[in-house]
Amino acid sequence: MKKLKRALPFLTVALALALTACGSSGTSGSPSDTGQQGGGEKVIKVGATAVPHAEILEHVKPTLAKEGIKLEVVTFSDYAQLNPQLVDKQLDANYFQHIPYLDNFNQQKGTDLQWIAKVHIEPMGIYSKKIKSVDDLKSQGGTVAIPNDATNGGRALALLAKAGVIQLKPGAGVTATVRDIVQKPGNLTIRELDAAMLPRALDDVTAAVINTNYALQANLNPTKDAIFLESADSPYANVLVVRKGDEKRPELVKLAQALTSDDVKQFIEQKYHGAVVPAPALAPALQ
């Protein structure tokens, strides 16, 4: 009996370790550890911003389920975290960014993330609670808030230039900065803010140039509420992005195909009424 009493603590520890090991086989690990569940079901974890990206991903879940693929959508409010988490293998893919943003990230970080599908375009807009026309910015000036990341900031400046509010140096391109402004109304100030904060800044600034996903989250309708809107032929297609080497991973190819399907095109057109425009195209390597 004494031997049994002495053995009980060791048996308890061993049992606890066994239960812990069994409980660790869910979806809490890295995607490479959780790519397959019981019964052969493949699991892919995709990071996205809430609107419209996560909504579109949710729409294709049933399609992928029929292919034996479980899609887990991880929603982020701070899109700056999405590429680093993909690089660190916390995600299998992400869907939030346009190609100039991806190219800039790869250049700045020395990474080699790859896009495998163009899904949609979100025309960027100029919004205001204080003025009714961009002509008021030209004549009255004021403070205009823009995104503070390189590519979206440059895109916002290009939109202000297209609206005739400012002029940029020739060839400034998608990474234009406020230093590239060569002409503007004398009393116009450009204020750079985190993109997610821009809708909330509308009470404090004359106007703000806002990404459509954040406008939609703030119940702003780009086609009705923007005082100036990027044209539908914008080159800023939002893309599905993976790590280099995963471009032809079967379950990610199935996701790319689902996101560029006629079904998703119809879903986007019916749900967003022109605020989001389909741009379905697979990467050349997958066509």
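Residues numbered from 1 in each chain as written. Predicted model: local features only at pLDDT ≥ 70, side-chain atom pairs only at ≥ 80, totals over all residues. Heavy atoms only, no water.

1. What to know about the environment of Phe96
Then step 1. Relative to the elements of secondary structure, Phe96 occurs in strand β3 (residues 93-98).
Then step 2. Sequence-wise, Phe96 and His53 are 43 residues apart; in three dimensions their C-alpha atoms are separated by 6.3 Å.
Then step 3. Not counting residues up to four positions away in its chain, the partners in contact with Phe96 are Thr49, His53, Tyr79, Leu82, Asn83, Tyr101, Asn238 and Val239. (Helix = DSSP H or I, 4+ residues; strand = E, 2+ residues; numbered from the N terminus. Contact = heavy atoms within 4.5 Å.)

2. Side note on the sheet that holds β3
Then step 1. If you walk across this open sheet you meet the six strands as β2-β1-β3-β12-β4-β13, and the pairing is mixed. Each of the sheet's edge strands pairs with one partner strand only, and the pair in question is β2 (69-76) and β13 (277-282). Pairwise comparison of adjacent strand axes, ignoring direction, gives a mean angle of 25° for this sheet.
Then step 2. Alignment of strand β1 (residues 42-49) against β3, held across three bridges, turns out to be parallel. The residue of β3 that forms the bridge with Gly47 is Asn94.
Then step 3. In this fold helix α2 (residues 50-66) packs onto β1, β2, β3, β4 (114-121) and β12 (237-242), with an angle of close to 170° to the strand it touches most, β2. (Pairing = 2+ DSSP bridges. Axes fitted to C-alpha atoms, helices over the stretch in contact; angles between N-to-C directions.)

3. Brief notes about the pattern of salt bridges
Then step 1. In total, this model carries 11 salt bridges according to the counting rule given.
Then step 2. Notably, a salt bridge pairs Lys138 with Asp135, separated by 3.2 Å at the nearest N-O pair. Taken as a pair, Lys138 and Asp135 lie in helix α5 (residues 134-140) at a separation of three residues, close to a single helical turn.
Then step 3. Judged by its relative accessible area of 42%, Asp135 falls in the partly exposed class.
Then step 4. Here Lys169 and Asp180 are joined by a salt bridge, their closest N and O atoms 4.0 Å apart. With a gap of 11 residues between them, Lys169 in the loop between β7 (167-168) and β8 (181-183) and Asp180 in the loop between β7 and β8 connect regions that are remote in the sequence.
Then step 5. Given the relative accessible area of 40%, Lys169 is considered partly exposed. (Salt bridge = Lys/Arg side-chain N within 4 Å of Asp/Glu carboxyl O. Buried < 20%, exposed > 50% of the residue type's maximum accessible area, 1.4 Å probe, protein only.)

4. Structural notes on the packing of α2 against helix α9 (residues 250-259)
Then step 1. Running from N to C, α2 and α9 cross one another at 115°; their axes reach a closest spacing of 10 Å. Both α2 and α9 take part in a crossing whose hand is right-handed. When α2 is examined against α9, the residues Ile56, Leu57, Val60, Thr63 and Leu64 are found in contact with a partner set consisting of Lys254, Leu255, Ala258 and Leu259.
Then step 2. A class-by-class count of the residues in the contact of α2 with α9 yields seven nonpolar, one polar and one charged. (Left-handed = near helix turned anticlockwise from the far one by under 90°. Nonpolar A, V, L, I, M, F, W, Y, C, P; charged D, E, K, R; others polar.)

5. As for helix α10 (residues 262-272)
Then step 1. Along α10, the positions that sit buried rather than exposed are Val264, Phe267, Ile268 and Tyr272. Take α10 and look down its axis: the buried residues cluster within an arc of 95°, on one side only. In this structure, α10 carries Asp262 and Gln270 as exposed residues pointing more than 90 degrees from its buried face.
Then step 2. At its buried positions, α10 is contacted by α2, β4, α7 (212-217), α9 and β13.
Then step 3. Immediately beyond the C-terminal end of α10, within one or two residues, lies His273, with a positive phi of roughly 50°. (Arc of directions from axis to C-beta.)

6. A short note on the sheet that holds strand β5 (residues 125-127)
Strand pairing in a sheet relies on backbone hydrogen bonds, with the paired strands running either antiparallel or parallel.
Then step 1. If you walk across this open sheet you meet the five strands as β9-β6-β10-β5-β11, and the pairing is mixed. For this open sheet the edge positions go to β9 (188-193) and β11 (228-229), each flanked by a neighbour on one side alone.
Then step 2. Here two bridges tie β5 to β11, and the two strands are oriented antiparallel to one another. Looking at β11, one finds that Gly125 is bridged to Leu229.
Then step 3. Strands in contact with helix α6 (residues 150-162) are β5, β6 (142-147), β9, β10 (207-210) and β11; relative to β6, the strand with the most contacts, it is inclined by about 140°.

7. Some remarks on the pairing of β6
Then step 1. Of all the six residues making up β6, five are buried; the element is thus mostly covered by neighbouring parts of the structure.
Then step 2. Strand direction decides the pairing type here: β6 and β9, joined by six bridges, are parallel. Note that in β9 the partner of Pro147 across the bridge is Leu193.
Then step 3. Note: β6 against β10, two bridges, orientation parallel. For Val144, the partnering residue across the bridge sits in β10 and is Ala207.

8. Points about α6
Then step 1. An ideal rise of 1.5 Å per residue puts 18 Å on 13 residues; α6 measures up with 18 Å between its terminal C-alpha atoms.
Then step 2. Residues of α6 that are buried: Thr151, Asn152, Gly153, Gly154, Arg155, Ala156, Leu157, Leu159 and Leu160. (Expected span 1.5 Å × (residues − 1).)

Coordinates in, geometry out; function isn't part of it.
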